[in-house]
2 protein chains.
Amino acid sequence: MSTFYLRDIENDICHLSENDSRHAVKVLRHKNNDFISVVNGKGLLAKAKIIEANPKKTKIKVLQTKKIKVPTILGLAFCPTKSNERNSFIIEKATEIGVTDFYPLIAQNSERRKWNSIKFEKILIATLKQSGNYWLPNIHKLEAFNDFIVRKELPKLKLLAHCKEGKKQDIKNLADATKNQIVVIGPEGDFTLEEINQSIINKFQTISLGDNRLRTETACITSLAIMKFL
Amino acid sequence: MSTFYLRDIENDICHLSENDSRHAVKVLRHKNNDFISVVNGKGLLAKAKIIEANPKKTKIKVLQTKKIKVPTILGLAFCPTKSNERNSFIIEKATEIGVTDFYPLIAQNSERRKWNSIKFEKILIATLKQSGNYWLPNIHKLEAFNDFIVRKELPKLKLLAHCKEGKKQDIKNLADATKNQIVVIGPEGDFTLEEINQSIINKFQTISLGDNRLRTETACITSLAIMKFL
(Lines give C-alpha, C1' and ligand atoms only; values in the text may rest on other atoms or scores of the structure.)
Protein backbone atom coordinates (compact mmCIF):
# COMPACT_ATOMS: atom_id res chain seq x y z
CA MET A 1 0.00 0.00 0.00
CA SER A 2 1.40 3.45 -0.93
CA THR A 3 2.32 5.69 1.99
CA PHE A 4 1.79 9.44 2.09
CA TYR A 5 2.72 12.15 4.57
CA LEU A 6 0.26 14.51 6.18
CA ARG A 7 1.28 16.63 9.12
CA ASP A 8 -2.28 16.69 10.52
CA ILE A 9 -4.47 13.61 10.41
CA GLU A 10 -6.92 14.91 12.99
CA ASN A 11 -10.12 14.83 10.98
CA ASP A 12 -12.07 12.18 9.25
CA ILE A 13 -11.72 13.96 5.91
CA CYS A 14 -8.29 15.33 4.87
CA HIS A 15 -6.46 16.41 1.76
CA LEU A 16 -3.07 15.24 0.57
CA SER A 17 -0.49 17.95 -0.14
CA GLU A 18 -0.12 19.13 -3.71
CA ASN A 19 3.10 17.15 -4.03
CA ASP A 20 1.58 13.93 -2.70
CA SER A 21 -1.63 14.45 -4.68
CA ARG A 22 0.33 14.68 -7.90
CA HIS A 23 2.40 11.64 -6.98
CA ALA A 24 -0.70 9.63 -6.03
CA VAL A 25 -2.69 10.45 -9.15
CA LYS A 26 -0.08 11.04 -11.87
CA VAL A 27 2.65 8.59 -10.89
CA LEU A 28 0.95 5.86 -8.91
CA ARG A 29 -2.31 6.22 -10.90
CA HIS A 30 -4.51 6.04 -7.84
CA LYS A 31 -8.27 6.26 -8.41
CA ASN A 32 -11.26 6.95 -6.20
CA ASN A 33 -11.89 4.24 -3.59
CA ASP A 34 -8.25 3.09 -3.56
CA PHE A 35 -6.82 2.45 -0.11
CA ILE A 36 -3.64 4.21 1.01
CA SER A 37 -1.53 4.63 4.15
CA VAL A 38 -0.91 8.03 5.66
CA VAL A 39 1.65 8.91 8.33
CA ASN A 40 2.03 12.15 10.24
CA GLY A 41 5.68 11.67 11.23
CA LYS A 42 4.69 11.78 14.90
CA GLY A 43 3.83 8.12 15.34
CA LEU A 44 0.36 8.07 13.80
CA LEU A 45 -0.36 5.62 10.99
CA ALA A 46 -3.72 5.87 9.23
CA LYS A 47 -5.46 3.70 6.73
CA ALA A 48 -7.47 5.87 4.35
CA LYS A 49 -9.61 5.72 1.23
CA ILE A 50 -9.34 8.11 -1.68
CA ILE A 51 -12.60 10.01 -2.10
CA GLU A 52 -11.51 12.37 -4.84
CA ALA A 53 -8.36 11.55 -6.81
CA ASN A 54 -7.34 15.07 -7.76
CA PRO A 55 -3.72 15.71 -8.88
CA LYS A 56 -3.70 19.08 -7.04
CA LYS A 57 -5.69 18.25 -3.93
CA THR A 58 -6.69 14.66 -3.35
CA LYS A 59 -9.45 14.20 -0.80
CA ILE A 60 -9.20 11.18 1.48
CA LYS A 61 -11.31 9.65 4.24
CA VAL A 62 -9.43 8.29 7.25
CA LEU A 63 -10.82 4.86 8.12
CA GLN A 64 -8.67 3.87 11.06
CA THR A 65 -5.63 5.11 12.91
CA LYS A 66 -2.95 3.39 14.93
CA LYS A 67 -0.55 4.98 17.39
CA ILE A 68 3.02 3.69 17.05
CA LYS A 69 5.13 3.84 20.19
CA VAL A 70 7.92 6.38 20.55
CA PRO A 71 11.17 4.85 19.27
CA THR A 72 14.33 4.36 21.31
CA ILE A 73 16.56 7.41 20.83
CA LEU A 74 19.28 7.04 18.21
CA GLY A 75 21.03 10.40 18.01
CA LEU A 76 23.63 11.65 15.59
CA ALA A 77 25.67 14.75 16.38
CA PHE A 78 27.94 15.74 13.52
CA CYS A 79 29.86 18.62 12.06
CA PRO A 80 28.26 19.35 8.68
CA THR A 81 30.68 19.02 5.78
CA LYS A 82 31.46 21.74 3.25
CA SER A 83 29.46 19.91 0.61
CA ASN A 84 25.71 20.03 1.05
CA GLU A 85 25.44 17.02 -1.22
CA ARG A 86 27.23 15.01 1.43
CA ASN A 87 25.12 16.60 4.18
CA SER A 88 21.96 15.58 2.30
CA PHE A 89 23.38 12.13 2.09
CA ILE A 90 23.92 11.97 5.85
CA ILE A 91 20.36 13.13 6.50
CA GLU A 92 18.84 10.68 4.02
CA LYS A 93 20.78 7.57 5.00
CA ALA A 94 20.57 8.22 8.74
CA THR A 95 16.80 8.68 8.44
CA GLU A 96 16.47 5.41 6.55
CA ILE A 97 18.43 3.61 9.25
CA GLY A 98 16.16 5.14 11.89
CA VAL A 99 17.92 8.07 13.51
CA THR A 100 15.64 10.07 15.80
CA ASP A 101 17.70 13.21 16.43
CA PHE A 102 20.24 15.18 14.43
CA TYR A 103 22.49 17.66 16.24
CA PRO A 104 24.51 19.72 13.75
CA LEU A 105 27.58 21.05 15.55
CA ILE A 106 30.31 23.61 15.12
CA ALA A 107 33.65 22.33 16.38
CA GLN A 108 37.05 24.03 16.26
CA ASN A 109 37.97 22.45 12.91
CA SER A 110 34.50 22.73 11.36
CA GLU A 111 34.48 23.55 7.68
CA ARG A 112 30.86 24.69 7.68
CA ARG A 113 29.57 27.17 10.21
CA LYS A 114 26.19 27.94 8.66
CA TRP A 115 23.38 25.47 8.39
CA ASN A 116 19.82 25.69 7.17
CA SER A 117 17.65 22.79 8.34
CA ILE A 118 14.73 23.76 6.12
CA LYS A 119 16.66 22.56 3.09
CA PHE A 120 16.67 19.07 4.50
CA GLU A 121 13.01 18.77 5.48
CA LYS A 122 11.97 17.54 2.04
CA ILE A 123 14.54 14.76 2.34
CA LEU A 124 13.19 13.80 5.76
CA ILE A 125 9.64 13.51 4.48
CA ALA A 126 10.56 11.66 1.28
CA THR A 127 12.69 9.23 3.26
CA LEU A 128 9.98 8.75 5.88
CA LYS A 129 7.52 7.65 3.21
CA GLN A 130 10.06 5.46 1.47
CA SER A 131 11.49 3.74 4.53
CA GLY A 132 8.29 2.99 6.40
CA ASN A 133 9.34 4.88 9.53
CA TYR A 134 6.57 6.49 11.54
CA TRP A 135 8.56 9.21 13.21
CA LEU A 136 10.24 12.18 11.58
CA PRO A 137 13.66 12.80 13.11
CA ASN A 138 14.23 16.13 14.84
CA ILE A 139 16.90 18.33 13.36
CA HIS A 140 18.07 20.42 16.30
CA LYS A 141 19.51 23.89 15.89
CA LEU A 142 23.14 24.30 14.91
CA GLU A 143 25.14 24.80 18.07
CA ALA A 144 28.69 24.99 19.36
CA PHE A 145 30.31 21.69 20.31
CA ASN A 146 31.01 23.02 23.80
CA ASP A 147 27.35 23.87 24.37
CA PHE A 148 26.22 20.51 23.05
CA ILE A 149 28.40 18.31 25.24
CA VAL A 150 27.07 19.79 28.47
CA ARG A 151 23.40 19.23 27.52
CA LYS A 152 21.62 17.46 30.35
CA GLU A 153 18.90 15.72 28.34
CA LEU A 154 21.16 13.53 26.20
CA PRO A 155 21.01 9.71 26.55
CA LYS A 156 23.40 8.18 29.07
CA LEU A 157 25.08 6.12 26.34
CA LYS A 158 27.09 8.84 24.60
CA LEU A 159 29.79 7.87 22.11
CA LEU A 160 32.34 10.11 20.41
CA ALA A 161 34.49 8.91 17.52
CA HIS A 162 37.87 10.40 16.73
CA CYS A 163 41.08 9.43 14.94
CA LYS A 164 43.62 10.75 17.42
CA GLU A 165 45.74 8.59 19.68
CA GLY A 166 44.32 7.75 23.10
CA LYS A 167 42.24 5.21 24.94
CA LYS A 168 39.33 4.24 22.72
CA GLN A 169 36.83 1.45 22.89
CA ASP A 170 35.53 -0.77 20.17
CA ILE A 171 32.08 0.48 19.11
CA LYS A 172 30.71 -3.08 19.13
CA ASN A 173 31.37 -3.34 22.85
CA LEU A 174 29.31 -0.24 23.65
CA ALA A 175 26.54 0.04 21.02
CA ASP A 176 23.19 -1.31 22.22
CA ALA A 177 20.04 -0.94 20.13
CA THR A 178 17.83 -1.50 23.17
CA LYS A 179 19.11 1.65 24.87
CA ASN A 180 18.83 5.35 24.09
CA GLN A 181 22.18 6.27 22.56
CA ILE A 182 23.93 9.00 20.63
CA VAL A 183 27.15 9.22 18.63
CA VAL A 184 29.25 12.29 17.85
CA ILE A 185 31.26 12.46 14.63
CA GLY A 186 33.87 15.15 14.13
CA PRO A 187 34.79 17.41 11.21
CA GLU A 188 37.22 16.37 8.44
CA GLY A 189 40.07 17.84 10.50
CA ASP A 190 38.96 15.79 13.54
CA PHE A 191 38.23 17.03 17.03
CA THR A 192 41.00 18.80 18.91
CA LEU A 193 42.57 17.17 21.96
CA GLU A 194 40.88 19.82 24.06
CA GLU A 195 37.47 18.91 22.63
CA ILE A 196 38.10 15.22 23.18
CA ASN A 197 39.09 15.85 26.79
CA GLN A 198 36.04 18.03 27.38
CA SER A 199 33.79 15.30 26.01
CA ILE A 200 35.36 12.73 28.35
CA ILE A 201 34.80 15.04 31.32
CA ASN A 202 31.15 15.15 30.24
CA LYS A 203 30.91 11.35 30.21
CA PHE A 204 31.19 10.69 26.51
CA GLN A 205 32.92 7.40 25.75
CA THR A 206 35.49 7.65 22.98
CA ILE A 207 35.36 5.04 20.25
CA SER A 208 37.38 3.99 17.25
CA LEU A 209 35.92 3.12 13.85
CA GLY A 210 38.84 0.96 12.76
CA ASP A 211 42.08 1.60 10.95
CA ASN A 212 40.65 3.04 7.72
CA ARG A 213 40.16 6.78 7.50
CA LEU A 214 36.43 7.19 6.95
CA ARG A 215 34.97 10.34 5.46
CA THR A 216 32.59 12.22 7.76
CA GLU A 217 29.46 10.88 6.06
CA THR A 218 30.79 7.31 6.05
CA ALA A 219 31.66 7.52 9.74
CA CYS A 220 28.13 8.77 10.48
CA ILE A 221 26.39 5.97 8.58
CA THR A 222 28.76 3.23 9.73
CA SER A 223 28.38 4.02 13.41
CA LEU A 224 24.59 4.40 13.16
CA ALA A 225 24.28 1.05 11.36
CA ILE A 226 26.17 -0.67 14.16
CA MET A 227 24.22 1.12 16.90
CA LYS A 228 20.89 0.32 15.25
CA PHE A 229 21.52 -3.37 14.70
CA LEU A 230 23.56 -4.40 17.72
CA MET B 1 52.34 11.91 5.02
CA SER B 2 50.50 12.17 1.66
CA THR B 3 49.68 8.88 -0.03
CA PHE B 4 49.85 8.26 -3.78
CA TYR B 5 48.94 5.35 -5.98
CA LEU B 6 51.30 3.64 -8.36
CA ARG B 7 50.42 0.31 -9.94
CA ASP B 8 54.08 -0.72 -10.22
CA ILE B 9 56.55 0.05 -7.46
CA GLU B 10 59.11 -2.43 -8.68
CA ASN B 11 62.05 -0.14 -9.26
CA ASP B 12 64.06 2.13 -7.10
CA ILE B 13 63.16 5.12 -9.25
CA CYS B 14 59.53 5.61 -10.35
CA HIS B 15 57.27 8.36 -11.63
CA LEU B 16 53.91 9.38 -10.24
CA SER B 17 51.00 9.42 -12.70
CA GLU B 18 50.13 12.74 -14.31
CA ASN B 19 47.09 13.03 -12.05
CA ASP B 20 49.08 12.33 -8.87
CA SER B 21 51.98 14.51 -10.04
CA ARG B 22 49.67 17.47 -10.47
CA HIS B 23 48.03 16.81 -7.11
CA ALA B 24 51.41 16.46 -5.37
CA VAL B 25 52.94 19.60 -6.83
CA LYS B 26 50.02 21.94 -7.48
CA VAL B 27 47.66 21.11 -4.63
CA LEU B 28 49.85 19.69 -1.86
CA ARG B 29 52.81 21.91 -2.88
CA HIS B 30 55.35 19.14 -2.52
CA LYS B 31 58.99 20.04 -3.25
CA ASN B 32 62.12 18.04 -3.98
CA ASN B 33 63.28 15.93 -1.03
CA ASP B 34 59.80 15.72 0.53
CA PHE B 35 58.83 12.27 1.81
CA ILE B 36 55.63 10.62 0.60
CA SER B 37 53.85 7.27 0.87
CA VAL B 38 53.06 5.23 -2.21
CA VAL B 39 50.72 2.22 -2.39
CA ASN B 40 50.24 -0.20 -5.27
CA GLY B 41 46.78 -1.44 -4.25
CA LYS B 42 48.17 -4.96 -3.95
CA GLY B 43 49.43 -4.76 -0.41
CA LEU B 44 52.69 -2.92 -0.95
CA LEU B 45 53.35 0.27 0.97
CA ALA B 46 56.45 2.29 0.08
CA LYS B 47 58.12 5.25 1.67
CA ALA B 48 59.63 7.44 -1.04
CA LYS B 49 61.40 10.74 -1.55
CA ILE B 50 60.58 13.23 -4.26
CA ILE B 51 63.56 13.66 -6.58
CA GLU B 52 61.95 15.91 -9.14
CA ALA B 53 58.69 17.67 -8.25
CA ASN B 54 57.22 17.99 -11.72
CA PRO B 55 53.46 18.67 -12.09
CA LYS B 56 53.31 16.36 -15.15
CA LYS B 57 55.71 13.61 -14.14
CA THR B 58 57.12 13.65 -10.64
CA LYS B 59 60.18 11.48 -10.17
CA ILE B 60 60.48 9.64 -6.85
CA LYS B 61 63.01 7.37 -5.20
CA VAL B 62 61.64 4.43 -3.24
CA LEU B 63 63.45 4.22 0.10
CA GLN B 64 61.76 1.28 1.73
CA THR B 65 58.82 -1.02 1.12
CA LYS B 66 56.57 -2.99 3.40
CA LYS B 67 54.31 -5.88 2.46
CA ILE B 68 50.87 -5.70 4.12
CA LYS B 69 49.13 -9.01 4.64
CA VAL B 70 46.16 -10.03 2.51
CA PRO B 71 42.95 -8.85 4.21
CA THR B 72 40.11 -11.10 5.33
CA ILE B 73 37.56 -11.31 2.51
CA LEU B 74 34.61 -8.94 2.82
CA GLY B 75 32.53 -9.42 -0.30
CA LEU B 76 29.56 -7.45 -1.56
CA ALA B 77 27.33 -8.89 -4.27
CA PHE B 78 24.66 -6.44 -5.37
CA CYS B 79 22.31 -5.63 -8.20
CA PRO B 80 23.43 -2.25 -9.55
CA THR B 81 20.73 0.42 -9.34
CA LYS B 82 19.42 2.43 -12.28
CA SER B 83 21.27 5.50 -11.04
CA ASN B 84 25.02 5.41 -11.54
CA GLU B 85 25.32 8.12 -8.92
CA ARG B 86 24.04 5.62 -6.39
CA ASN B 87 26.29 2.90 -7.80
CA SER B 88 29.28 5.21 -7.41
CA PHE B 89 28.21 5.78 -3.89
CA ILE B 90 28.12 2.05 -3.15
CA ILE B 91 31.60 1.59 -4.62
CA GLU B 92 33.06 4.54 -2.71
CA LYS B 93 31.57 3.83 0.69
CA ALA B 94 32.14 0.08 0.53
CA THR B 95 35.79 0.68 -0.39
CA GLU B 96 36.22 3.07 2.54
CA ILE B 97 34.77 0.47 4.91
CA GLY B 98 37.16 -2.12 3.50
CA VAL B 99 35.32 -4.33 1.02
CA THR B 100 37.65 -6.66 -0.89
CA ASP B 101 35.36 -7.95 -3.67
CA PHE B 102 32.43 -6.50 -5.59
CA TYR B 103 30.16 -8.86 -7.53
CA PRO B 104 27.68 -6.92 -9.66
CA LEU B 105 24.71 -9.20 -10.39
CA ILE B 106 21.69 -9.41 -12.65
CA ALA B 107 18.67 -10.79 -10.84
CA GLN B 108 15.13 -11.25 -12.14
CA ASN B 109 14.00 -7.83 -10.93
CA SER B 110 17.24 -5.99 -11.80
CA GLU B 111 16.74 -2.49 -13.10
CA ARG B 112 20.20 -2.30 -14.64
CA ARG B 113 21.54 -5.05 -16.88
CA LYS B 114 24.62 -3.29 -18.23
CA TRP B 115 27.61 -2.39 -16.18
CA ASN B 116 30.96 -0.86 -16.95
CA SER B 117 33.53 -1.38 -14.19
CA ILE B 118 36.07 0.96 -15.77
CA LYS B 119 33.91 3.92 -14.78
CA PHE B 120 34.42 3.05 -11.17
CA GLU B 121 38.17 2.49 -11.14
CA LYS B 122 38.93 6.15 -10.52
CA ILE B 123 36.71 6.01 -7.46
CA LEU B 124 38.53 2.92 -6.20
CA ILE B 125 41.93 4.57 -6.50
CA ALA B 126 40.84 7.90 -5.02
CA THR B 127 39.20 6.10 -2.11
CA LEU B 128 42.20 3.85 -1.59
CA LYS B 129 44.45 6.88 -1.15
CA GLN B 130 41.96 8.67 1.05
CA SER B 131 41.06 5.77 3.32
CA GLY B 132 44.51 4.36 3.95
CA ASN B 133 43.64 0.88 2.62
CA TYR B 134 46.46 -1.05 1.00
CA TRP B 135 44.41 -3.31 -1.23
CA LEU B 136 42.28 -2.27 -4.19
CA PRO B 137 39.02 -4.20 -4.17
CA ASN B 138 38.32 -6.46 -7.16
CA ILE B 139 35.29 -5.59 -9.22
CA HIS B 140 34.26 -8.90 -10.75
CA LYS B 141 32.45 -9.14 -14.07
CA LEU B 142 28.71 -8.59 -14.18
CA GLU B 143 27.04 -11.98 -14.01
CA ALA B 144 23.65 -13.63 -13.61
CA PHE B 145 22.49 -14.24 -10.05
CA ASN B 146 22.07 -17.94 -10.82
CA ASP B 147 25.67 -18.26 -11.97
CA PHE B 148 26.96 -16.36 -8.98
CA ILE B 149 25.26 -18.39 -6.27
CA VAL B 150 26.81 -21.67 -7.44
CA ARG B 151 30.38 -20.27 -7.43
CA LYS B 152 32.62 -22.62 -5.52
CA GLU B 153 35.25 -20.15 -4.40
CA LEU B 154 33.00 -17.94 -2.26
CA PRO B 155 33.59 -17.72 1.52
CA LYS B 156 31.64 -20.19 3.64
CA LEU B 157 29.89 -17.38 5.48
CA LYS B 158 27.42 -16.26 2.80
CA LEU B 159 24.57 -13.92 3.74
CA LEU B 160 21.65 -12.84 1.59
CA ALA B 161 19.32 -10.02 2.64
CA HIS B 162 15.73 -9.79 1.44
CA CYS B 163 12.45 -8.20 2.52
CA LYS B 164 10.07 -11.08 1.86
CA GLU B 165 8.45 -13.20 4.55
CA GLY B 166 10.33 -16.30 5.66
CA LYS B 167 12.83 -17.52 8.19
CA LYS B 168 15.56 -14.93 8.48
CA GLN B 169 18.34 -14.46 10.97
CA ASP B 170 19.54 -11.32 12.63
CA ILE B 171 22.70 -10.12 10.87
CA LYS B 172 24.41 -9.48 14.21
CA ASN B 173 24.20 -13.19 15.04
CA LEU B 174 26.04 -14.20 11.87
CA ALA B 175 28.44 -11.40 10.93
CA ASP B 176 32.02 -12.04 12.06
CA ALA B 177 34.86 -9.73 11.04
CA THR B 178 37.45 -12.41 11.75
CA LYS B 179 36.07 -14.69 9.02
CA ASN B 180 35.90 -14.44 5.25
CA GLN B 181 32.32 -13.38 4.51
CA ILE B 182 30.09 -12.07 1.76
CA VAL B 183 26.66 -10.44 1.64
CA VAL B 184 24.20 -10.34 -1.26
CA ILE B 185 21.82 -7.38 -1.61
CA GLY B 186 18.90 -7.53 -4.04
CA PRO B 187 17.46 -5.09 -6.55
CA GLU B 188 14.82 -2.45 -5.64
CA GLY B 189 12.09 -4.97 -6.48
CA ASP B 190 13.76 -7.55 -4.17
CA PHE B 191 14.76 -11.10 -5.01
CA THR B 192 12.03 -13.48 -6.17
CA LEU B 193 10.98 -16.40 -3.98
CA GLU B 194 12.64 -18.70 -6.48
CA GLU B 195 15.94 -16.82 -6.18
CA ILE B 196 15.75 -16.88 -2.40
CA ASN B 197 15.12 -20.61 -2.41
CA GLN B 198 17.97 -21.22 -4.83
CA SER B 199 20.31 -19.25 -2.59
CA ILE B 200 19.29 -21.31 0.43
CA ILE B 201 19.96 -24.53 -1.50
CA ASN B 202 23.43 -23.13 -2.16
CA LYS B 203 24.03 -22.52 1.55
CA PHE B 204 23.40 -18.80 1.72
CA GLN B 205 21.95 -17.74 5.05
CA THR B 206 19.06 -15.31 4.72
CA ILE B 207 19.14 -12.23 6.90
CA SER B 208 16.91 -9.31 7.75
CA LEU B 209 18.06 -5.70 7.99
CA GLY B 210 15.25 -4.62 10.30
CA ASP B 211 11.78 -3.23 9.78
CA ASN B 212 12.68 -0.15 7.77
CA ARG B 213 12.78 -0.44 4.01
CA LEU B 214 16.36 0.43 3.11
CA ARG B 215 17.30 1.58 -0.36
CA THR B 216 19.75 -0.73 -2.16
CA GLU B 217 22.77 1.45 -1.44
CA THR B 218 21.82 1.86 2.22
CA ALA B 219 21.35 -1.90 2.62
CA CYS B 220 24.82 -2.45 1.10
CA ILE B 221 26.59 -0.01 3.39
CA THR B 222 24.66 -0.97 6.52
CA SER B 223 25.37 -4.67 6.17
CA LEU B 224 29.05 -4.11 5.36
CA ALA B 225 29.47 -1.82 8.35
CA ILE B 226 28.10 -4.49 10.65
CA MET B 227 30.16 -7.27 9.05
CA LYS B 228 33.35 -5.18 9.22
CA PHE B 229 33.02 -4.18 12.85
CA LEU B 230 31.41 -7.20 14.50
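Residues numbered from 1 in each chain as written. Chains lettered and ligands numbered in written order. Predicted model: local features only at pLDDT ≥ 70, side-chain atom pairs only at ≥ 80, totals over all residues. Heavy atoms only, no water.

## Side note on the sheet that holds strand β2 (residues 13-15) of chain A
Residue and element names in this part refer to chain A.
- One open sheet accounts for five strands, arranged β1-β3-β4-β5-β2; its pairing is mixed. Bordering the open sheet on either side are β1 (3-5) and β2, each of which pairs with just one other strand. Adjacent strand axes in the sheet meet at a mean angle of 45 degrees when their direction is disregarded.
- Packed on one face of the sheet, helix α3 (residues 118-131) meets β1 and β3 (35-39) and runs near 155 degrees to β1. (Pairing = 2+ DSSP bridges. Helix = DSSP H or I, 4+ residues; strand = E, 2+ residues; numbered from the N terminus. Axes fitted to C-alpha atoms, helices over the stretch in contact; angles between N-to-C directions. Contact = heavy atoms within 4.5 Å.)

## Re the pattern of salt bridges
- Under the criterion given, the structure shown has 26 salt bridges over all chains.
- For glutamate 143 of chain A, the salt bridge identified is with arginine 151 of chain A, shortest N-O distance 2.8 Å.
- Three or more residues joined by partner-sharing salt bridges are found here, namely Arg86, Glu188, Arg215 and Glu217 of chain A together with Glu92, Lys93 and Glu96 of chain B. (Salt bridge = Lys/Arg side-chain N within 4 Å of Asp/Glu carboxyl O.)

## Digging into the interface of chain B and chain A
- Taken residue by residue, the interface counts 31 residues in chain B and 29 residues in chain A.
- Taken together, the two surfaces of chain B and chain A that pack against each other cover about 2600 Å², and 51% of this comes from carbon and sulfur.
- It is Arg213, Arg215 and Phe229 of chain B that lose the most area in chain B upon contact with chain A, and together they represent 27% of the buried surface on that side.
- Summed over the shared surface of chain B and chain A, the number is six salt bridges.
- Arginine 215 of chain A is the salt-bridge partner of glutamate 92 of chain B, the closest N and O atoms lying 3.2 Å from each other. (Buried area = accessible area lost by both parts, 1.4 Å probe.)

## A short note on the pairing of strand β10 (residues 157-161) of chain A
Residues and elements named next belong to chain A.
- Across the five residues of β10, five count as buried, placing the element largely inside the fold.
- Where β10 and strand β12 (residues 181-185) come together, five bridges link them in parallel fashion. Note that in β12 the partner of leucine 157 across the bridge is glutamine 181.
- By the bridge criterion, three bridges tie β10 to strand β13 (residues 205-208) in an arrangement that is parallel. (Buried < 20%, exposed > 50% of the residue type's maximum accessible area, 1.4 Å probe, protein only.)

## A look at the environment of histidine 23 of chain A
- Turning to its location among the elements, histidine 23 of chain A is positioned in helix α1 (residues 18-27).
- With 19 residues separating them along the chain, histidine 23 of chain A and phenylalanine 4 of chain A place their C-alpha atoms 9.4 Å apart.

## Quick look at the relation of the copies chain B and chain A
- With an RMSD of 0.0 Å, chain B superimposes on chain A once it is rotated by 180 degrees and translated 0.0 Å along the axis. Taken together, the rotation and translation describe the operation of a two-fold axis. Identified as the residue of chain B closest to the rotation axis by C-alpha distance is isoleucine 226 of chain B, at 2.8 Å.
- The share of interface residues of chain B whose copies in chain A are also at the interface is 94%, consistent with both copies meeting through the same surface. (Least-squares fit on C-alpha atoms with pLDDT ≥ 70 in both.)

## Considerations on the pairing of β13 of chain A
- The sheet contact formed by strand β11 (residues 169-170) of chain A and β13 of chain A spans two bridges and is parallel. Across the sheet, residue aspartate 170 of chain A finds its bridge partner in β13 of chain A, namely serine 208 of chain A.

## Quick notes on the environment of isoleucine 68 of chain A
Residues and elements named next belong to chain A.
- Structurally, the position occupied by isoleucine 68 is in the loop between β5 (59-67) and β6 (74-78).
- What makes isoleucine 68 buried here is its relative accessible area of 19%.
- Distance from isoleucine 68 to isoleucine 149, taken between C-alpha atoms, is 30 Å for residues 81 residues apart in sequence.
- Filtering out sequence-adjacent residues up to four positions away, isoleucine 68 remains in contact with Gly43, Leu45, Tyr134 and Trp135.

## A closer look at the nonpolar core
- If you look at the biggest cluster of nonpolar residues, it comprises 70 residues, and the most contacted ones within it are Leu76 of chain A together with Leu76 of chain B.
- The residues touching leucine 76 of chain B, leaving out its near neighbours within four places in the chain, are Ile90, Ala94, Val99, Asp101, Phe102, Tyr103, Ile182, Val183, Ile185, Cys220 and Leu224 of chain B. (Core = buried A, V, L, I, M, F, W, Y, C linked by side-chain atoms within 4.5 Å.)

## Overview of the packing of aromatic side chains
- Applying the stated criterion across every chain, the model contains 13 aromatic pairs over all chains.
- Ring geometry for tryptophan 115 of chain B versus phenylalanine 120 of chain B: centroids 4.6 Å apart, planes at 15 degrees, classification stacked. The pair tryptophan 115 of chain B / phenylalanine 120 of chain B is uniform in exposure class, with both members buried.
- Clustering of aromatic rings is evident, with ring pairs tying together Phe78, Phe102, Trp115 and Phe120 of chain A.
- A cation over a ring is seen here: lysine 47 of chain A above phenylalanine 35 of chain A, with NZ or CZ 5.1 Å from the ring centre. (Phe/Tyr/Trp six-rings, centres within 6.5 Å; stacked < 30°, edge-to-face > 60°. Lys NZ or Arg CZ within 6 Å of the ring centre and 35° of its normal.)

## Considerations on the domain arrangement of chain A
All names here are of chain A.
- On domain assignment, one finds that chain A holds domain 1 (3-67) and domain 2 (74-229).
- Distance between the C-alpha centres of domain 1 and domain 2: 33 Å.
- Each partner contributes residues to the interface: domain 1 has nine residues there, and domain 2 has six residues.
- Buried surface at the junction of domain 1 and domain 2, summed over both partners, amounts to about 790 Å²; 68% is from carbon and sulfur atoms.
- On the surface where domain 1 and domain 2 come into contact, there are one salt bridge.
- Across the domain 1-domain 2 interface, the total number found is three residue pairs in polar contact (both at pLDDT 80 or more).
- In terms of residues, the side of domain 1 that touches domain 2 owes the most to one element, β1, which gives three residues.
- Residues that form the side of domain 1 that touches domain 2 fall into these classes: four nonpolar, three polar and two charged. (Domains from an automatic or database assignment. Polar contact = N/O pair within 3.5 Å; in protein donor to acceptor, adjacent residues only side chain to side chain. Nonpolar A, V, L, I, M, F, W, Y, C, P; charged D, E, K, R; others polar.)

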